Amino acid sequence: MSIELPLNIEAIKELLPHRYPFLLLDRVTEYVEGESIKGYKNVSANEQLFQGHFPENAIFPGVLICEAMAQLTAVYGFLSSGNRPADGYLYLFAGLDNVKFKRPVTPGDKLEMEITFVSARRGMVKVTGKATVDGNVVASADILCAERKV
């Protein structure tokens, strides 16, 4: 399967059901079948969540960093399997282990994510995710996503 990279937001929206304000992936920059995928989210001060998440000291929530990595994992799953949402497929966040947060992510940061394939079995994809800002690790986790026909 030939993938033309980078995947812009319109191509990502063809693969993910998420929409603003919950679409947390701006671009997919690299994809190596059977190995890895990379992408990023630009964290903007204009995002609504900053009105309530420490407005005097805005910090992007760690749980949303994990969700962004899970969304990138779903894109990896779709690119790897060849299945598409238009055909009734969906990837669901199924598990999260070994989560570590190293430093805060704040408005203006470019949250770069790399997902490394670990295994796939019976519609379940297991990966290791790492998120960085300016080359510094901000979070890491083992992620499990389930492909389902809906």
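Remember, predicted model here, so these are calculated numbers, not experimental data.

### Examining the environment of Val 133
Alright, step 1. Examined against the element boundaries, Val 133 turns out to sit in strand S5 (residues 124-133).
Alright, step 2. The class for Val 133 is buried, based on a relative accessible area of 8%.
Alright, step 3. Distance in space between the C-alpha atoms of Val 133 and Tyr 40 is 9.8 Å, their sequence separation being 93 residues.
Alright, step 4. Once residues within four sequence positions are removed from consideration, Val 133 is found in contact with Val 105, Asp 109, Lys 110, Leu 111 and Val 138.

### Things to note about the layout of surface pockets
Alright, step 1. Roughly 160 Å³ of internal volume is contained in the largest pocket.
Alright, step 2. In terms of lining residues, the largest pocket is bounded by Thr 29, Lys 38, Gly 39, Tyr 40, Glu 112, Met 113, Glu 114, Lys 130 and Thr 132.
Alright, step 3. Secondary-structure elements contributing two or more residues to the lining of the largest pocket are strand S2 (36-42), strand S4 (110-121) and S5.
Alright, step 4. Taken together, the residues of the lining of the largest pocket break down into two nonpolar, three polar and four charged.

### Considerations on unusual backbone geometry
Alright, step 1. Look at the link from Leu 5 to Pro 6: it is a cis peptide, with omega at 0 degrees.
Alright, step 2. One can find Pro 6 in the segment before helix H1 (9-15).
Alright, step 3. Cis rather than trans, the peptide bond between Tyr 20 and Pro 21 has omega equal to 10 degrees.
Alright, step 4. Here Pro 21 is to be found in the loop between H1 and strand S1 (27-32).

### Some thoughts on helix H2 (residues 62-81)
Counting along an α-helix, one turn takes 3.6 residues, and residues three or four places apart therefore face a common direction.
Alright, step 1. Here H2 contains 20 residues, and its C-alpha end-to-end distance of 29 Å stays within 8% of the 28 Å for a straight helix at 1.5 Å per residue.
Alright, step 2. Among the 20 residues that make up H2, 16 are buried, leaving the element largely enclosed by the rest of the structure.
Alright, step 3. Directly after H2, the chain includes Gly 82, whose backbone phi takes a positive value near 85 degrees.

### Structural notes on the pattern of salt bridges
Alright, step 1. Inspection of the entire model under this criterion finds three salt bridges.
Alright, step 2. Between Glu 10 and Lys 13 there is a salt bridge, with its nearest N and O atoms 3.7 Å apart. Of this pair, Glu 10 and Lys 13 both sit in helix H1, separated by three residues, roughly a single helical turn.

### Comments concerning the side chain of His 18
Alright, step 1. When you line up the elements, His 18 lands in the loop between H1 and S1.
Alright, step 2. A distance of 3.5 Å separates a polar atom in the side chain of His 18 from a polar atom in the side chain of Glu 67.
Alright, step 3. With residues near it in sequence (within four places) discarded, His 18 still touches Leu 23, Glu 67 and Gln 71.

### Considering a nonpolar patch on the surface
Alright, step 1. Together, Phe 93, Leu 96, Val 99 and Phe 101 give the surface a local cluster of nonpolar side chains, amounting to about 320 Å² of exposed area.
Alright, step 2. Here Leu 96 shows up in strand S3 (residues 89-101).

### Comments concerning the state of the cysteines
Alright, step 1. Summed over the entire model, instances satisfying the criterion amount to zero disulfides.
Alright, step 2. With no disulfide partner, Cys 66 has as its closest neighbouring cysteine sulfur the one in Cys 145, 11 Å distant.
Alright, step 3. You can call Cys 145 buried: its relative accessible area is 2%.

### Digging into the sheet that holds strand S6 (residues 136-149)
Alright, step 1. Within the open sheet, the six strands sit side by side as S1-S2-S4-S5-S6-S3. Their pairing is antiparallel. Both edges of this open sheet fall to S1 and S3, since each of them pairs with a single strand only. Here the strands of the sheet are splayed against their neighbours by 25 degrees on average, with no regard to which way each runs.
Alright, step 2. Pairing between S1 and S2: five bridges, direction antiparallel. When the bridges of S2 are listed, Arg 27 appears paired with Tyr 40.
Alright, step 3. Helix-sheet contacts for H2 involve S1, S2, S3, S4, S5 and S6, and the interaxial angle to S3 is about 135 degrees.

Procedures and definitions
- Residues numbered from 1 in each chain as written.
- Predicted model: local features only at pLDDT ≥ 70, side-chain atom pairs only at ≥ 80, totals over all residues.
- Heavy atoms only, no water.
- Helix = DSSP H or I, 4+ residues; strand = E, 2+ residues; numbered from the N terminus.
- Buried < 20%, exposed > 50% of the residue type's maximum accessible area, 1.4 Å probe, protein only.
- Contact = heavy atoms within 4.5 Å.
- 1 Å grid on protein atoms, 1.4 Å probe; cavity = no way out; pocket = protein on both sides within 12 Å on 5 of 7 lines; lining within 4 Å.
- Points joined across faces, edges and corners; volume = space filled by probe spheres on them.
- Nonpolar A, V, L, I, M, F, W, Y, C, P; charged D, E, K, R; others polar.
- Expected span 1.5 Å × (residues − 1).
- Salt bridge = Lys/Arg side-chain N within 4 Å of Asp/Glu carboxyl O.
- Polar contact = N/O pair within 3.5 Å; in protein donor to acceptor, adjacent residues only side chain to side chain.
- Patch = residues over 30% accessible without salt bridge, like charges linked within 9 Å, V, L, I, M, F, W, Y side chains within 5 Å.
- Areas by Shrake-Rupley, 256 points an atom, 1.4 Å probe, with all protein chains shown as cover.
- Disulfide = S-S within 2.5 Å.
- Pairing = 2+ DSSP bridges.
- Axes fitted to C-alpha atoms, helices over the stretch in contact; angles between N-to-C directions.

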